[in-house]
Amino acid sequence: MTLSLYDTMSRRKAPFAPKDPSRVTLYVCGPTVYNYAHIGNFRPVVVFDLLFRVLRRHYGADHVLYAANVTDVDDKINRKAAEEGVPIRTISDRYLDAYNADAAALGALRPTFQPRVTETMDAITGMIGDLIRNNGAYEAEGHVLFDTQAFADYGKLSGHPMDEMIAGARIDVAPYKRHPADFVLWKPSKPGEPAWPSPWGDGRPGWHIECTAMIHEALGLPIDIHGGGEDLKFPHHENELAQGVCSGHGGREYAGVWMHNGFLNMAQEKMSKSLGNVALAHDLLELYPGEAIRWALLLGHYRQPLEWTDTLIEQAKANLDRLYRVLDDSGRFLAGKVVPDGAQSPAGAAEHADILKALADDLNTPEAFAALFRLADKVRAAIMAKDALAVAGGRDLLLDAGNLMGFLAADPQGWFQSGADDDLKSRVEGLIAARADARAAKDWPQADRIRDELAALNVEVMDGPSGATWRIREQA
RNA sequence: GGCCUGAUGGCGGAGUGGUGACGCAGCGGACUGCAAAUCCGUGCACCCGAGUUCGAUUCUCGGUCAGGCCUCCA
């Protein structure tokens, strides 16, 4: 199956062709670790994690290398470290750990490489040296600046013609710049700030060179796919590209495909009361399962803007509930049944193929979700037809598709009873047993009273042919 | 000012030159002691104008509206 991706550079969708199918390379700009990341920061994490998974499916898990950097040199980190009177590493370690924990909770696989700026300094200064030697950079007043005149294609990625960038420049141009668009590769640190040695004096790297150097160090230029939020198109990615090409590494190419995800917009109206105005993933994960947040982030196509609202996350949760019910019901149906291996007629084989097809089409997640629901319906139909072979096969396909997309990893019972501690569970079981007795005695008023009691515990009980099941109701 | 997106039913959101996915919500029914879940059925949309076409929601042009980037930023 052909994988197609939309490329920002050519502004169109095209079949993806890695330079070496046994070594596919993907790089995504990661976080600056000075605080908890908000939910918008995790859209690219989830989107490119999905791409990572799809690539692994297409090329084999061992043939895809994914690097996502960590920016741990930054003014905000400096400030926070100064406030707390601790080394910057303390700050960056703390929030990197939190970031990785949140990402994992959202079902994101760990990237193959997670390079840090502070651990890539040699590669950074080395690449700056390369640029100077290739006449792509110059020194001025203790700074090293990239010479944008050295790169004829500067502005091509973002579509910003050079002369217009000058006209539109709003910032004060430093007097030592040869051209207003030139940008910093290395700059002196201010007194008291962290500094690293370099041939141009102690200082720190500019933001853009960090990524270029980390890419070259971790994956080697050129790479197959470079991803990130659309706000990074200019100047960050434009500058990365210029640096990479002018450094002499990777030839004329820097990245085969440029992918940019759309923004996540915060709802105008205030969100859930307990969230206040800040939608940190860290806080959201207290309220909703990670899979539900992941689903919400993929509910729209990755290139489209997405409005983050309460209804969005609730819809995501409801959608997953539907799939988990099928998983739950099919599991109960199959319990105790002996199903021969190698079922030749799994329900939903066509739908499963549709899911792969949708994902291969520039990560069309809405289409993939639609096919996922159709697949679930097929399993449901097989249950009604009491076709154990078809149910078992279809259920496996459903789980496989879910696994590919980073969903359905929970036990169905656990999914519906998440948030219930052991104490609550035993109370609920007790009440359900009492209610079963009342129902057996046809004491309906008593049975309904007990159901009200359960409802007061935020528990919903559902009578089934083989006894009652229960679940935690939606978060208030 | 420059560059670039988008405008689909009550809501979210794909897609297509010719019966408009999918999910949520709604309505009717089945099932249920009553519910929930499930099943059956059902209502509801392609911003405006012009053009191309046998035929446009889908292509072209114009308009209106909304959003993003041009500065740290996913």
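Residues numbered from 1 in each chain as written. Chains lettered and ligands numbered in written order. Predicted model: local features only at pLDDT ≥ 70, side-chain atom pairs only at ≥ 80, totals over all residues.

A.B. asks: Which residues make up the overall build of chain A, and what are the values?
C.D. replies: Of regular secondary structure, chain A possesses 16 helices and 14 strands. Buried residues in chain A amount to 42% of all 476 residues. Contacts in chain A between residues far apart in sequence, at least 24 positions, make up 73% of those at least 6 positions apart. (Helix = DSSP H or I, 4+ residues; strand = E, 2+ residues; numbered from the N terminus. Buried ≥ 20, exposed ≤ 12 C-beta atoms within 10 Å, placed from the backbone. Contact = placed C-beta atoms within 7 Å.)

A.B. asks: So what's going on with the pairing of strand S10 (residues 255-261)? Which residues, and what values?
C.D. replies: Taking burial as the measure, the seven residues of S10 include seven buried ones, the bulk of the element. At this point the chain moves from strand S9 (residues 223-229), through helix H7 (residues 233-246), to the parallel S10, and the crossover so formed is right-handed. (Right-handed = clockwise from strand over helix to strand, strands pointing away.)

A.B. asks: With reference to specific residues and values, describe the nonpolar core.
C.D. replies: Formed by 115 residues in total, the largest nonpolar core has its most connected members in Leu26 and Leu185. The dominant element in this core, judged by the number of residues it contributes, is helix H1 (residues 42-59), at ten residues. Excluding anything up to four places from it in sequence, Leu185 contacts Ile128, Leu131, Ala137, Val144, Leu145, Phe146, Pro205, Gly206 and Ile209. (Core = buried A, V, L, I, M, F, W, Y, C linked by C-beta atoms within 7 Å.)

A.B. asks: With reference to specific residues and values, describe the environment of Val173.
C.D. replies: By secondary structure assignment, the location of Val173 is in the loop between helix H5 (162-167) and strand S7 (183-188). Residue Val173 is classed as exposed on the basis of its C-beta count, with 12 C-beta atoms lying within 10 Å. Separated by 233 residues in sequence, Val173 and Gly406 place their C-alpha atoms 46 Å apart.

A.B. asks: Got a sec to walk through the protein's contact with RNA strand B? Specific residues and values, please.
C.D. replies: For RNA strand B, the set of nearby residues contains 57 residues, the closest of which are Gly40, Gly159, Gly229, His301 and Asp463. With eight residues, helix H12 (residues 365-384) is the single largest residue contributor to the surface near RNA strand B. The class makeup of the residues in the surface near RNA strand B is 24 nonpolar, 16 polar and 17 charged. (Near = placed C-beta within 6 Å. Nonpolar A, V, L, I, M, F, W, Y, C, P; charged D, E, K, R; others polar.)

A.B. asks: Break down the sheet that holds S10 for me, with residues and values.
C.D. replies: Spatially, S4-S3-S9-S10 is the arrangement adopted by the four strands of the open sheet, whose pairing is parallel. Each edge of the sheet is formed by a strand with only one pairing partner; in this case those strands are strand S4 (64-68) and S10. Between one strand axis and the next, the sheet turns through 20 degrees on average, direction left out of account. Summarising the sheet, S9 and S10 pair through six bridges and their orientation is parallel. Each bridged residue has a counterpart across the sheet, and for Gly229 the counterpart in S10 is Asn261. Its contacts with the sheet put H1 on strand S3 (24-28), S4, S9 and S10, and the angle it makes with S3 is roughly 175 degrees. (Pairing = 2+ DSSP bridges. Axes fitted to C-alpha atoms, helices over the stretch in contact; angles between N-to-C directions.)

A.B. asks: Before we move on, can you summarise unusual backbone geometry with the specific residues and values?
C.D. replies: Leu221 connects to Pro222 through a cis peptide bond whose omega is -5 degrees. Note the cis peptide between Phe234 and Pro235, where omega equals 0 degrees. As for its position among the elements, Pro235 is in helix H7. Of note in this structure, Asp362 is not a glycine but carries a positive phi near 55 degrees. One can find Asp362 in the loop between helix H11 (349-360) and H12. Notably, Leu363 is not glycine yet its phi reads approximately 55 degrees, a positive angle. Its place among the elements puts Leu363 in the loop between H11 and H12.

A.B. asks: Any chance you could break down the domain arrangement of chain A for me, citing the residues and the numbers?
C.D. replies: Segmentation of chain A into domains returns domain 1 (4-261), domain 2 (310-415) and domain 3 (417-472). For the side of domain 1 that touches domain 2, the elements supplying multiple residues, two or more each, are strand S1 (4-7) and H1. By residue number, the principal contributor to the side of domain 1 that touches domain 2 is H1, which donates seven residues. For the side of domain 1 that touches domain 2, the residue count by class is six nonpolar, two polar and four charged. (Domains from an automatic or database assignment.)

A.B. asks: Run through the packing of H12 against helix H13 (residues 388-405), naming residues and quoting values.
C.D. replies: The N-to-C vectors of H12 and H13 enclose an angle of 160 degrees; their axes lie 8 Å apart at closest approach. With respect to each other, H12 and H13 are oriented roughly antiparallel. Read as a crossing pair, H12 and H13 show a hand that is left-handed. Side by side, H12 and H13 meet where Ala368, Leu372, Leu375, Ala376, Lys378, Val379, Ala382 and Ile383 of the first sit next to Ala390, Val391, Gly394, Arg395, Leu397, Leu398, Ala401 and Met405 of the second. Looking at the contact of H12 with H13 residue by residue, the class counts come to 13 nonpolar, one polar and two charged. (Parallel < 35°, antiparallel > 145°, perpendicular 65-115°, else oblique. Left-handed = near helix turned anticlockwise from the far one by under 90°.)

A.B. asks: How would you sum up the pairing of strand S5 (residues 137-140)? Please name residues and give values.
C.D. replies: Pairing between S5 and strand S6 (residues 143-146): four bridges, direction antiparallel. Across the sheet, residue Ala140 finds its bridge partner in S6, namely His143. Between the end of S5 and the start of S6, which pair antiparallel, lie two residues, with Glu141 showing a positive phi angle near 50 degrees.

A.B. asks: So what's going on with H7? Which residues, and what values?
C.D. replies: With 14 residues, H7 extends 18 Å from end C-alpha to end C-alpha; this agrees with the ideal 20 Å at 1.5 Å per step. Of all 14 residues making up H7, ten are buried, and the element is well covered by its neighbours. Looking at H7, one finds that the buried residues are His237, Glu238, Asn239, Glu240, Leu241, Ala242, Gln243, Gly244, Val245 and Cys246. Tucked inside the fold, the buried residues of H7 contact helix H4 (121-133), S6, S7, helix H6 (207-218), S9 and S10. (Expected span 1.5 Å × (residues − 1).)

A.B. asks: Go over the packing of helix H10 (residues 310-334) against H12 with me, naming the residues and quoting the values.
C.D. replies: Working note: a packed helix pair is described by the angle between its axes plus the distance between those axes. Running from N to C, H10 and H12 point in directions that differ by 25 degrees, and their axes come no closer than 10 Å. As far as their axial angle goes, H12 and H10 are roughly parallel. Once H10 is placed against H12, the crossing between them reads as left-handed. On the side of H10, the interface is formed by Arg322, Leu323, Val326, Asp329, Ser330 and Phe333, while H12 contributes Leu372, Ala376, Val379, Arg380 and Ile383. Of the residues assigned to the contact of H10 with H12, the class counts are seven nonpolar, one polar and three charged.

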